[in-house]
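Structural overview
Here is what each chain is made of, one letter per residue.
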Amino acid sequence: MTKQLFGHISYDLKNNRGKWILLFALTVFYYAALALSYMRALADRRDFFFGDFSPVKAAAALLFIAAAYVMTDNFARKPSVFLFNLFFYMTFIPLSVVYACCSFDSGFYIPVALLTVAGAAVCGMDRKRSGERVEMIPQVSHLAVAAGVLLLGTVIAVFLYKAGLPTLTALNLKNVYQLRFSNDYGTSKYFGYILRWTEATIIPFLLAVTLTRKNTTGTVLLLAAGILIFMYEGSKTVLFSLPMTLAVYLFMQLKNANYIFYLAYTLGMSGLSAIGAFRYNFIYSLFVRRTLMIPAFLKFEYYRFFQDHPLLGFGGTLWGKAFGQSIPYERGLGHEISTYFFNNDAMNANTGFLAEGYYRFGIFGLILVMVLFVLILRCIDRLAGRTSFVFALTMCAYPIYTLNDGMLIDSLIFGPFTVLMLIVLFYSCPVAKENGNEGKIALQLR
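Residues numbered from 1 in each chain as written. Predicted model: local features only at pLDDT ≥ 70, side-chain atom pairs only at ≥ 80, totals over all residues. Heavy atoms only, no water.

1. Let's talk about the overall build of the chain
Quick reminder of the rule: Secondary structure elements are defined from DSSP: runs of H or I of at least 4 residues count as helices, runs of E of at least 2 residues count as strands, and each element is numbered from the N terminus. The buried label goes to any residue with under 20% of its type's maximum accessible area, the exposed label to any with over 50%, and the partly exposed label to all in between, with areas taken from a 1.4 Å probe on protein chains only. A contact between two residues is defined here by any heavy atoms of the two lying within 4.5 Å. Residue burial considers only the protein chains on display, and all accessible areas are found by Shrake-Rupley using a 1.4 Å probe.
Looking only at helices and strands, one finds 19 helices and two strands in the chain. The proportion of buried residues among the 446 residues of the chain is 53%. Here the contacts in the chain between residues at least 6 apart in sequence split such that 79% fall between residues at least 24 apart. Per element, the accessible surface of the chain, about 19800 Å² overall, is 64% carbon and sulfur.

Written out as structure tokens, the structure is:
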């Protein structure tokens, strides 16, 4: 067990020492640049942010960041390592910045930090990809593809039947929210489930299938279908999932793709943060303020809110009805948080799965969602063993990315992650064999 947990550390220091030290230095610089930009550009200046920098809390957060970095096997070509690092860089480090720069207490951050270090250790175990070669059942995989195509076709058919041809309103991104709130297609809540499954899981899954099979026609048709759905609904889910899925597929075929991504991300976001600290701009506002800092800040506000309000349990999920639990807020929890803290009932303060874990079950909920998250990542490793590293990441990167600002428990209960896990556990048909250590993909179909 000790060798499994710490063996990669000695291996990396022996074989990848320069890269390991460089990436750690950039990780610390990223943390420092985010903190600088928070204090100079956001705290007491914009939105609801406030500042109260604590050197002691900043040092404690840095120690947890260093511990998580050390425990993660950053150079392993495993989906779990890459996807956990998305969480590490996009959720945990911004959360650490807010902890260091604000007067929030440690009751939320310390458990999250300990769980993050533990999660990094579990994902860092087993340098080799942990997928097991299993006896395939091609019919199950073919059925999964057929079901995905059927669901996608159903969504488009319903939109065509209810609304006719789409308008061009969504092509002007300023009108997206107007389109989203003004359209009432008279569909049932069950269609809403299908739509969520399709946007968040089915389209990335089908794109992974066509891309790894080198099916250009299928890929183009899927992209067209996604754009068509966006024109009807104005959903940012589709708007971001299409380019992200394509980018992951292309990027992950590079040699040392994981390491290149970590370098590019830390350098790029550090640069944006450093520039934004002295000259606030739209790009900083979109990629740092909106994507990283607002979700991190809101997680602490959710914690504060539920210090004085009853936990929700399974309220708002299908299981909640069976247990007699519901959300006691007429306009929804996000609007209640916005009104309570920011006096803004028009704002919907959604945030990620860590806050969901706490507002459902308290500290136990934090443990539960982190255990579920790491188990899902390990299952994706097994999918990679049955298909390929590139296929598994192409399919799963976007759904995992959405957890920074979305729910996990609710999504696993008849939501997009229900569908994702069914595919992850049983799909195995297209096997793309990786060519040596170069990360290049040569397709082989069994």
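2. With respect to the packing of aromatic side chains
Our working rule: Aromatic rings from Phe, Tyr and Trp, taking only the six-membered ring of Trp, are treated as a pair when their centres fall within 6.5 Å; an angle between ring planes under 30 degrees marks them as stacked, one over 60 as edge-to-face, and anything in between as tilted. As a reminder, the over-ring test applies to NZ of lysine and CZ of arginine, requiring each to be within 6 Å of the ring centre and within 35 degrees of the ring normal.
Under the defined criterion, the tally for this structure stands at 54 aromatic pairs. Between Phe-24 and Tyr-69, the aromatic rings sit 5.3 Å apart at their centres with planes inclined by 50°, giving tilted as the arrangement. Of this pair, Phe-24 sits in helix H2 (residues 17-42) while Tyr-69 sits in helix H3 (residues 55-71); the two residues are 45 residues apart in sequence, bridging distant segments of the chain. Assessed through its relative accessible area of 1%, Tyr-69 is described here as buried. Their ring planes at 90° and their centres at 5.6 Å tell us that Phe-159 and Phe-191 sit as a pair that is edge-to-face. Of the two residues, Phe-159 is situated in helix H6 (residues 138-163) and Phe-191 in helix H8 (residues 189-212); the sequence distance between them amounts to 32 residues. In this structure, Lys-19 packs its charged tip against the face of Tyr-259, placed 5.5 Å from the ring centre. The aromatic ring of Tyr-99 is capped on one face by Lys-57, whose charged end is 4.7 Å from the ring centroid.

3. Concerning the pattern of salt bridges
Operational definition: The rule for a salt bridge is simple: a side-chain nitrogen of Lys or Arg has to be within 4 Å of a carboxyl oxygen of Asp or Glu.
In the structure shown here, the tally under the stated rule is three salt bridges. Asp-405 is paired through a salt bridge with Arg-290; the nearest N and O atoms lie 3.5 Å apart. Of this pair, Asp-405 sits in the loop between helix H17 (389-401) and helix H18 (409-412) while Arg-290 is found in helix H12 (residues 282-305), placing the two residues 115 residues apart along the sequence. Residue class for Arg-290 comes out partly exposed when judged on its relative accessible area of 32%. Among the salt bridges present, the one from Glu-356 reaches Arg-360, with a minimum N-O distance of 3.0 Å. Here Glu-356 pairs with Arg-360, and both are found in helix H15 (residues 353-361), just four residues apart, close to one helical turn.

4. Examining the packing of H2 against H3
Definition in use: Interaxial angles span 0 to 180 degrees and are taken between N-to-C directions of axes, which are lines fitted to C-alpha atoms, for helices over the stretch in contact. With the far helix as reference, a near helix turned anticlockwise by less than a right angle produces a left-handed crossing, and one turned clockwise produces a right-handed crossing. Ten residue types, Ala, Val, Leu, Ile, Met, Phe, Trp, Tyr, Cys and Pro, are classed as nonpolar, four, Asp, Glu, Lys and Arg, as charged, and the remainder, Gly among them, as polar.
Relative orientation of the contacting elements H2 and H3 amounts to 150°, with a least axis distance of 11 Å. For H2 against H3, the interelement crossing comes out right-handed. Facing Trp-20, Leu-23, Phe-24, Thr-27, Val-28 and Tyr-31 of H2, the residues of H3 in contact are Ala-58, Ala-61, Leu-62, Ile-65, Ala-66, Tyr-69 and Val-70. By residue class, the composition of the contact of H2 with H3 is 12 nonpolar, one polar and no charged.

5. A closer look at the state of the cysteines
Spelled out, the test is: Note on disulfides: each one is a pair of cysteine sulfur atoms within 2.5 Å.
This model, assessed by the stated rule, comprises zero disulfides. Of all cysteine sulfurs, the one in Cys-101 lies closest to Cys-102, which takes part in no disulfide; the gap is 6.4 Å. Look at Cys-102 and you get buried, because its relative accessible area is 1%.

6. Thoughts on the nonpolar core
Defined as follows: Within this scheme, the nonpolar core is defined by two criteria: the residues are buried Ala, Val, Leu, Ile, Met, Phe, Trp, Tyr or Cys, and they are joined through side-chain atoms within 4.5 Å.
One finds Tyr-38, Leu-83, Met-293, Leu-354 and Met-395 to be the most contacted residues of the largest nonpolar core, which totals 140 residues. Top element by residues in this core is helix H4 (residues 79-101). It accounts for 17 residues. Residues contacting Met-395, with those up to four places away along its chain left out, are Pro-204, Phe-205, Ala-208, Leu-383, Leu-420, Ile-423 and Val-424.

7. Examining unusual backbone geometry
We note that Asp-44 has phi near 60°; this positive angle belongs to a residue other than glycine. Following the sequence through the fold, Asp-44 ends up in the loop between H2 and H3. One non-glycine residue, Asn-256, lies in positive phi territory at about 55°. Mapped onto the secondary structure, Asn-256 falls in the loop between helix H10 (236-251) and helix H11 (257-278).

8. Describing H11
The condition that has to hold: Any helix carries an expected span of 1.5 Å times its number of residues minus one.
In this model, H11 (22 residues) spans 32 Å end to end at C-alpha, consistent with the 32 Å of a helix rising 1.5 Å per residue. Where H11 is concerned, the buried positions are Ala-257, Asn-258, Tyr-259, Tyr-262, Leu-263, Tyr-265, Thr-266, Met-269, Ser-270, Ser-273, Gly-276 and Ala-277.

9. Regarding the confidence of the model for the chain
What counts here: Each residue carries a pLDDT score, the predictor's own confidence in it, on a scale running from 0 to 100.
Residues of the chain with pLDDT of at least 70 account for 85%, and the chain-wide mean is 86. Taken element by element, the predicted model of the chain shows its lowest mean pLDDT in strand S2 (residues 440-445) (37) and its highest in H3 (97). Here residues 435-446 is a poorly scored stretch, pLDDT under 50, and it has 32 contacts once near neighbours within four places are set aside; other chains count.

10. A closer look at the packing of helix H5 (residues 106-124) against helix H16 (residues 363-386)
Under the convention used in this document: Oblique is the label for any angle not under 35 degrees, not over 145, and not in the 65 to 115 range, which are roughly parallel, roughly antiparallel and roughly perpendicular in turn.
At a minimum axis distance of 10 Å, the contact between H5 and H16 shows a crossing angle of 20°. Classified by the interaxial angle, the pair formed by H5 and H16 is roughly parallel. Remark: the crossing between H5 and H16 carries right-handed chirality. Residue-level inspection shows Gly-107, Phe-108, Pro-111, Val-112, Leu-115, Thr-116, Gly-119, Val-122 and Cys-123 of H5 in contact with H16, the latter providing Ile-363, Leu-366, Ile-367, Met-370, Val-374, Leu-377 and Arg-378.

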